[in-house]
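Letter by letter, the chains look like this.
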Amino acid sequence: MVEKTPKLDFFTYVALIVGIVVVGFPILYAIIAATLPLEEVSKVPMPMIPGDQLLVNIKEAWVRGDLGTQLFNSFIMASGITIGKIVVSLFGAFSIVYFDYRFRTLVFATVFCTLMLPVEVRIVPTYEMAANLFGPLQGVWNALGLDSIISWFAGHDIEVSFELSLLDSYAGLILPLTASATCTFLFRQFFLTIPEELCEAAKMDGASPMTFFWKILVPLSKTNIAALVVIEFVYGWNQYLWPLLITTNQKMTTAVIGLQHLIPSPEDPPDWHIAMAGTLLVVLPPVLVVLFMQRWFVKGLVEREK
Amino acid sequence: MLRKRSYFKSKGLAYLLVLPQIIITATFFYWPAIRGIVSSFMRSDPFGLKSTFIWFDNYINLFKDPLYLKSIVITLIFSGSVALLSISCGLFLASMANRALRFTALTRTLLIWPYAVAPAISGILWLFLLHPSYGVVAIWLNRVFGLNWNPLLSSRDAMLMVVLASSWKNISYNFVFFLAGLQAIPKSLIEAAAMDGASPFRRFWSITFPLLSPTMFFVTVMTIIFSFFESFGVIHAVTQGGPGGSTNILVYKVYQDGFIGLNLGSSSAQSVVLMLLIVFITILQFKFVERKVQYTG
């Protein structure tokens, strides 16, 4: 600092330590609870010294909550959303920035508007859509009265119905959350800062658009991609409302939703040690991703909102 | 709209590239949004067999419904408290971390991780801490302050619990932005003020704080959006809108009326109100933030 302020410096460090402890307390408490046996965890107040039951509790949570299956589902969902968003957005931004066509502005505006529609505000119709992907087609079919026309030709009543349900499927968990205006923006923003000469040179060398994309654009976007991988993985892993709606089968649900079943209700024995052991397992993957990829994560977060 | 002067000519490829985005956007954003708007003007029976067009009746009923009006008030109290708590804590910790020069990276690591915790899990962690019979904080509150703390039965305590759980998760997000904002402020400005004899507190209020105001605005908008929408996880996992509807925020009410009550017309009207709200917030954000906020990562 500029001048010597020993008192303020002391205050700074004390405040930071207190802040870190207070922010960390919920998870610290969860870790301790996860190491204790039932008779310890239900003591009032719970002892603050860790026990030796961590592995036992984790095993119990794993089995009771069917966490193996659910963590796998979470992993598929989070990676699916991450990869899907990044690929779709890279292609979209490439098209918007590096090509010139009549509907480009319209395409851009169309994508832009979705910024304003989080899944939470359109849950019922989005759910209907996922329940039958061919719903709109059926609507058009019915509106045109095609059933009666076919029936007339065939001479007897025929009813045609189109159905493709995404409920309880990985596609249903992933696809509706894949379109992302923010990722497209980020890539667009970044592509616009890339010097014109690169594209000119590539064209002069006779490179096709896709060669330019794979050989130049994607390698240049590495940092942005890394940052988005962290952000979108955390986003996908932590989704709540959508998996809650779209999965009814326990085997298809994600870990964040499934954890709910481990929380003791007033009638159950107070198995908080099992609940907390399960919580640690579910929290661990995204926390590790954020901690290990911190540099990219912060860069992506701050840049994303530019 | 900006574009490159140098571009590729193949129009077919251009459309092909943007097609996946258009298909997904049309299928999962536009069609549902239009359906939602249409059904907000309809009354349909719970099985969706029959529906009649009723103009603005759903909206009129909505704003006559004391439960909805209560939900608006609850949402305002909830988001206001979450914003106040998480922004002040985030700013305080960021300015402290910014001062602790040698340890900035370390403190960032130790404070950033709650971002990765799902809102629902944040709710579960705080439920455990504040549980009337087993929670260490709850027991402490009861013993030290003689409070009859019980978030499972008391409306006030339940609200406090969801506010704490949501704010806790959001502190780390705000912290990241404030720290980035603080580090972008030119050191020379602070040094010049110090040479003129301004105390650290004076410098904070007269220089840092005004320069940080665009970040402040942005963080406020984001926190409000978070508390409006993403807090769904906290509410659903912990209180389910209860006790007695005391934590039934707007987004939870959409879900409850739509999926549990099967009142599609009302739920759609509520969705449209929320949509208008977020459109308003987004425009606000673009108008002010796009132009004024300057970050250097």
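Quick note: structure is the one above.
> What's the story with the overall build of chain A in this structure? I'm lost.
Check the secondary structure of chain A and you find 17 helices and zero strands. A globule of 306 residues ought to have a C-alpha radius of gyration of about 19 Å, yet chain A, at 26 Å, is considerably larger. The principal-axis extents of the C-alpha atoms in chain A amount to approximately 75 × 70 × 30 Å. Burial status across chain A gives 52% buried among its 306 residues. Carbon and sulfur atoms make up 69% of the accessible area of chain A, which amounts to about 13800 Å² in all. Averaged over its 18 positive side-chain charges, chain A has a centre that lies 12 Å from the centre of its 25 negative ones.

> Sorry if this is basic, but what is going on with the pattern of salt bridges here?
Residue and element names in this part refer to chain A. Inspection of every chain in the model, using the stated rule, returns ten salt bridges over all chains. With a shortest N-O distance of 3.0 Å, Lys251 and Asp66 are connected by a salt bridge. Of the two residues, Lys251 is situated in the loop between helix H14 (241-246) and helix H15 (255-258) and Asp66 in the loop between helix H3 (54-64) and helix H4 (67-98); the sequence distance between them amounts to 185 residues. Look at Asp66 and you get partly exposed, because its relative accessible area is 22%. In the salt-bridge network here, residues are joined through shared partners; they are Glu60, Arg64 and Asp271.

> I tried to follow the nonpolar core on my own but got confused; where do I start?
One broad trend across soluble globular proteins is that nonpolar side chains are buried collectively. Counting 152 residues, the largest nonpolar core has A:Trp272, A:Met276, A:Val282, A:Phe297 and B:Ile121 as its most contacted members. Element by element, the count of residues in this core is highest for helix H7 (residues 155-183) of chain B, at 15 residues. With near-sequence residues (within four places) excluded, A:Val282 lies in contact with A:Leu67, A:Leu71, A:Trp237, A:Ala255, A:Val256, A:Leu259 and B:Ile121. Formed by 32 residues, the second largest nonpolar core is a distinct cluster that contains A:Tyr98, A:Phe185, A:Leu186 and A:Leu217.

> What is the right way to read helix H5 (residues 104-113) of chain A from this model?
An α-helical turn contains 3.6 residues, so a residue and the one three or four places further along point in the same direction. Restricting attention to buried positions, one finds in H5(A) the residues A:Arg104, A:Val107, A:Phe108 and A:Val111. Buried residues of H5(A), viewed axially, fall in a sector of 95 degrees; they line one side. The inward-facing, buried residues of H5(A) contact H4 and helix H10 (181-193) of chain A together with helix H1 (11-39) of chain B.

> Would you take a moment to explain unusual backbone geometry for this structure?
Generally, phi is negative for residues other than glycine and the peptide bonds are trans, each holding for most cases. Of the consecutive residues B:Gly242 and B:Pro243, the connecting peptide bond is found in the cis state with omega at -10 degrees. Mapped onto the elements of the fold, B:Pro243 is located in the loop between helix H10 (232-238) and helix H11 (250-260). A positive phi angle, near 55 degrees, is found at A:Asp66, a position not held by glycine.

> Which parts of the structure should I look at to understand the interface of chain B and chain A?
Note on interface size: it is often stated as the accessible area lost on association of the parts. Contact with chain B, which involves 100 residues of that partner, is made by 114 residues of chain A. Regarding the contact of chain B and chain A, the summed buried area is about 10300 Å², with carbon and sulfur atoms giving 77% of it. Between chain B and chain A we count two salt bridges in total. Sorting elements by how many residues they give to the side of chain B that touches chain A places H1(B) first, with 20 residues. Taken together, the residues of the side of chain B that touches chain A break down into 72 nonpolar, 17 polar and eleven charged.

Calculation rules
Residues numbered from 1 in each chain as written. Chains lettered and ligands numbered in written order. Predicted model: local features only at pLDDT ≥ 70, side-chain atom pairs only at ≥ 80, totals over all residues. Heavy atoms only, no water. Helix = DSSP H or I, 4+ residues; strand = E, 2+ residues; numbered from the N terminus. Rg over C-alpha atoms; globule rule 2.2 N^0.38 Å. Buried < 20%, exposed > 50% of the residue type's maximum accessible area, 1.4 Å probe, protein only. Areas by Shrake-Rupley, 256 points an atom, 1.4 Å probe, with all protein chains shown as cover. Lys, Arg positive; Asp, Glu negative; His and termini not counted. Charge placed at Lys NZ, Arg CZ, Asp CG, Glu CD. Salt bridge = Lys/Arg side-chain N within 4 Å of Asp/Glu carboxyl O. Core = buried A, V, L, I, M, F, W, Y, C linked by side-chain atoms within 4.5 Å. Contact = heavy atoms within 4.5 Å. Arc of directions from axis to C-beta. Buried area = accessible area lost by both parts, 1.4 Å probe. Nonpolar A, V, L, I, M, F, W, Y, C, P; charged D, E, K, R; others polar.

Any functional reading would require information that these geometric values do not contain.
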